[in-house]
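# Reading the structure
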Amino acid sequence: MFLARRLAQAALVLWLLVTAMFVALQWLPGGPAAFLADPEFESPERITQIERNLGLDRPLLVQYEGYLAGLLHGELGWSPHQNAPVARLIGERLGPSLLLMATAFTLALVVGTAWGTLAAWHARGPVGALLDAVPVLAVTAPGFWIGLLLIYVLAIELRLLPSGGMLPPGSEASPWLVLRHLILPTVVLALPWVGTFALYTRSSLRAILVSDYLRTAWAKGLADRGVLWQHALPNAAIPLVTMAGISIPHLLGNAVVVEQLFAWPGIGRLAVESLLRRDYPVMLGIVLVVGLAAILANLVADVVYHLVDPGVRVE
Amino acid sequence: MSWRRLARSPALWGLALICAACIVGPLLLGVDAEAIDLSARLIPPGPGHLLGTDENGRDVLARLLVGGRVSLFVGFGAGLVAGVLGAAVGLTAGWVGGLVSAVLMRLTDFAFAFPTIFVLLLAATLVGGGVPQLTILVGLTLWMTIGRVVRGRVLELRQAPFVEAAAALGASPWRLVGRHVLPNLQETLAVAVVLAIHHAILSESTVSFLGLGLRPPLASWGTMLANSQAYLATSPWLAVAPGLAIAFTVLATYAVAQSLSLPQETASRFRGP
């Protein structure tokens, strides 16, 4: 029942998103035909001809139907600038983006929860204050600036790591070389999420550490390690599930600036490139893909949350 | 609201100092932020130019202060836009309830889960990079959290005894909302809006850093950082000053929001290992 309602809601939001994209396509400067023929250079007859070829003279509802049918076949539109289907352009960039996001997400989750656990455990004294301050700094620091500083220190001054770029796809590269290019963007992308996960783990774990059932656990003589691993952490992890799910589409958002900074050939860089070229169909395709990712991530997080926390199942 | 605690917060004074410096500073400094001097390009920080000069020989300190006006204006303005919009959505959803609330909250959920930077970049490219446009656009991407917390508070207030008493005395819905609910929202709103300002300053600098926000002659901390990237190897000071300004302001707004909200832990029974 819960699943059915949640699925219906997700489908509704998806439909709204797709429709918004269709409307945006009509609305953008010059309308859909301007992507293929600039009105400044082409005669009106030629534009009418193009519009007829593309089926743009048909009623909007029919076009809408065609747009939906295209989406179902995985067609996201056509980029006149690149003279290539948008789906292929995005597909080429998906791999590097996913690689970067996966490593950053893993790093953030591992370091963040470990840090949060430490901070909750040692909540008092100067050590506790330090453990609390670092995640706040990580959350608030502007990532692109930290990235610039890291490039300056590690790449330009110390020459330890490459300042950016990635090997062209298909080139025979050793894993070590790929890894070296991956380190800086991963760290910068993960940084705010290390902070977020640490803060979430800390507050969630703190609330549990002061609860009555944990006092009982201590009172019956359980060792600290047993209290933490068996009683506290499993319950503290529940709110993290939602946070982790929501973080995935937002990682894509953060990746825009990180990929631009490190010349990483992913979706985020494609978005900036296509906007600078005024290549709107590509950008709309990206928004659609990102929106789909957001809907799915939200849905999965809700379902998992539903499974791990018996408390919310009562509703 | 805990005005006393707020007044003791060093972050608030730090933020006030930054704002004052950006508003009054350029007048006191007396250096034209736009004055190009090609004989004084890329001078390191020193006595003549406290923070050095950029690739066109413009004084970095003067540009930092003038650019700060833009960054802070967009930040505070966008926070205000988000506050008004979020309060409207939250109030409607919380007070009217039912289907309206369900639809509004689902939309809020989605907007919250969506990485709005993509839409922000697209919209900024479409409407062009003016200060008012960017302020409104950034504000439009930040109302979701505010809408959520306001709705939660309104749901609580609706059932508060004093609101029920006023309703029993025959107060109209408008009077109930205007006289009894809205004034009690100020604490909730203040925290949420300050956090929105924090995000707005970051957003503006991000969009401008990507070259899709404010256009070049206009200096903001974000555009200054974007320019600095090309000269990073030879003139790193160009990246340090605007970056520190952004980092400090963003941290200060975050800390102000924290000191406005009530402390999370009151009585802790846990003494640690």
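This part takes up the overall build of chain B. Each helix and strand in chain B was counted, giving 12 helices and 0 strands. Secondary structure elements of chain B occur, N-terminal to C-terminal, as α-α-α-α-α-α-α-α-α-α-α-α. Taking the principal axes of its C-alpha atoms as reference, chain B extends roughly 75 × 50 × 45 Å. Relative to its 273 residues, chain B shows a buried fraction of 51%. Long-range pairs, those at least 24 residues apart, make up 73% of the contacts in chain B with a sequence separation of at least 6. A total accessible area of about 12600 Å² is found for chain B, and carbon and sulfur atoms account for 68% of it. Chain B carries 17 positive and 12 negative side-chain charges, and their two centres are separated by 13 Å.

Before going further, it helps to spend a moment on the overall build of chain A. Looking only at helices and strands, one finds 11 helices and 2 strands in chain A. Listing each helix as α and each strand as β along chain A from the N terminus yields α-α-α-β-β-α-α-α-α-α-α-α-α. Every one of the 315 residues in chain A was classed for burial, and the buried ones make up 43%. Intrachain contacts of chain A at a sequence separation of at least 6 include 71% that bridge at least 24 residues.

So, about the packing of helix H5 (residues 117–127) of chain B against helix H6 (residues 131–140) of chain B. Residues and elements named next belong to chain B. One way to put it is that H5 packs onto H6 with a least axis distance of 10 Å and a crossing angle of 155°. Put simply, H5 runs roughly antiparallel to H6. At the point where H5 passes H6, the crossing takes the right-handed sense. In this structure, H5 contributes Leu120, Ala123, Ala124 and Val127 to the contact, and H6 contributes Gln133, Leu134, Leu137 and Val138.

Attention now goes to empty space enclosed by the protein. For the structure shown, the criterion picks out 3 cavities of 30 Å³ or more. In this structure, the largest cavity encloses a volume near 100 Å³. Looking at the largest cavity, the residues that line it are Arg6, Gln9, Ala10, Val13, Ala294, Ile295 and Asn298 of chain A together with Arg106, Asp109 and Phe110 of chain B. For the lining of the largest cavity, the leading source of residues is helix H1 (residues 2–27) of chain A, giving 4 residues. Of the residues in the lining of the largest cavity, the class split is 5 nonpolar, 2 polar and 3 charged. Roughly 80 Å³ of internal volume is contained in the second largest cavity. Taken together, Asp54, Glu55, Val60, Arg63, Met224, Asn227, Ser228 and Leu238 of chain B form the lining of the second largest cavity.

This part is about a nonpolar patch on the surface. Residues and elements named next belong to chain A. Together, Leu107, Val110, Val111, Trp176, Leu179, Ile183 and Val187 make up an exposed nonpolar region whose accessible area comes to about 580 Å². When contributions to the nonpolar patch are tallied by element, the ones reaching two or more residues are helix H4 (86–121) and helix H7 (175–209). The biggest single contributor to the nonpolar patch is H7, with 4 residues. Tracing the backbone shows Leu107 in helix H4.

According to the stated counting rule, one finds 3 aromatic pairs over all chains in the structure shown. Here Phe144 of chain A and Phe209 of chain B contribute two aromatic rings whose centre-to-centre distance is 4.8 Å and whose plane-to-plane angle is 20°, an arrangement assigned as stacked. Taken together, the residues Phe144 of chain A in helix H6 (residues 143–157) and Phe209 of chain B in helix H10 (residues 186–209) connect one chain to another. Given the relative accessible area of 7%, Phe209 of chain B is considered buried. An aromatic cluster of three or more residues is present, and its members are Phe105, Trp193 and Phe197 of chain A.

With that settled, consider the layout of surface pockets. By volume, the second largest pocket is sized at about 920 Å³. Leu17, Ala20 and Met21 of chain A together with Phe114 and Val119 of chain B are the residues nearest the centre of the second largest pocket, which is lined by 29 residues in total. Sorting the residues of the lining of the second largest pocket by element identifies H1 and helix H11 (280–308) of chain A together with helix H4 (98–113), H5, H6 and helix H7 (143–158) of chain B as the ones contributing at least two each. Residue classes in the lining of the second largest pocket are distributed as 27 nonpolar, 2 polar and no charged.

Attention shifts here to the state of the cysteines. Following the criterion strictly, the structure yields 0 disulfides over all chains and no others. Considering cysteine sulfurs only, Cys22 of chain B is the nearest to Cys19 of chain B, which forms no disulfide, with 7.0 Å between them.

So, about the packing of H4 of chain A against H11 of chain A. Residues and elements named next belong to chain A. For the pair H4 and H11, the least separation of the axes is 9 Å and the interaxial angle reads 60°. On the basis of their axis angle, the class for H4 and H11 is oblique. Here H4 runs over H11; the crossing is right-handed. For the pair H4 and H11, the contacting residues are Val86, Leu89 and Ile90 in the first and Pro281, Val282, Gly285, Ile286 and Val289 in the second.

In this section: helix H2 (residues 10–29) of chain B. Residues and elements named next belong to chain B. Where H2 bends most, at Ile23, the angle is about 40°, and the proline Pro26 comes one to four residues later. All of the buried residues along H2 are Ala11, Gly14, Leu15, Ile18, Cys19, Cys22, Gly25 and Pro26. Packed against the buried residues of H2 are helix H3 (60–96), helix H11 (221–228) and helix H12 (237–260). Just downstream of H2, Gly30 is the residue with a positive phi angle, here 65°.

Moving on, we get to the pattern of salt bridges. All names here are of chain A. Per the stated rule, a full pass over the model turns up 5 salt bridges over all chains. With a shortest N-O distance of 3.6 Å, Arg88 and Glu92 are connected by a salt bridge. Of this pair, Arg88 and Glu92 both sit in helix H4, separated by 4 residues, roughly a single helical turn. Residue Arg88 is classed as partly exposed on the basis of its relative accessible area, which comes to 49%. When salt bridges that share partners are traced, they join Arg93, Arg269 and Glu273 into one network.

Attention now goes to the confidence of the model for chain B. Residues and elements named next belong to chain B. Of the residues in chain B, 91% reach a pLDDT of 70 or more, and the chain-wide mean stands at 80. Per-element confidence in chain B ranges from a low mean pLDDT of 68 for helix H1 (residues 3–7) to a high of 88 for H3. At the level of chain-chain contacts, confidence expressed as ipTM amounts to 0.78, with global pTM at 0.83.

The rules behind the values
- Residues numbered from 1 in each chain as written.
- Chains lettered and ligands numbered in written order.
- Predicted model: local features only at pLDDT ≥ 70, side-chain atom pairs only at ≥ 80, totals over all residues.
- Heavy atoms only, no water.
- Helix = DSSP H or I, 4+ residues; strand = E, 2+ residues; numbered from the N terminus.
- Buried < 20%, exposed > 50% of the residue type's maximum accessible area, 1.4 Å probe, protein only.
- Contact = heavy atoms within 4.5 Å.
- Areas by Shrake-Rupley, 256 points an atom, 1.4 Å probe, with all protein chains shown as cover.
- Lys, Arg positive; Asp, Glu negative; His and termini not counted.
- Charge placed at Lys NZ, Arg CZ, Asp CG, Glu CD.
- Axes fitted to C-alpha atoms, helices over the stretch in contact; angles between N-to-C directions.
- Parallel < 35°, antiparallel > 145°, perpendicular 65-115°, else oblique.
- Left-handed = near helix turned anticlockwise from the far one by under 90°.
- 1 Å grid on protein atoms, 1.4 Å probe; cavity = no way out; pocket = protein on both sides within 12 Å on 5 of 7 lines; lining within 4 Å.
- Points joined across faces, edges and corners; volume = space filled by probe spheres on them.
- Nonpolar A, V, L, I, M, F, W, Y, C, P; charged D, E, K, R; others polar.
- Patch = residues over 30% accessible without salt bridge, like charges linked within 9 Å, V, L, I, M, F, W, Y side chains within 5 Å.
- Salt bridge = Lys/Arg side-chain N within 4 Å of Asp/Glu carboxyl O.
- Phe/Tyr/Trp six-rings, centres within 6.5 Å; stacked < 30°, edge-to-face > 60°.
- Disulfide = S-S within 2.5 Å.
- Bend = angle between axes of the 7 residues up to and from the residue.
- pLDDT = per-residue confidence, 0-100.

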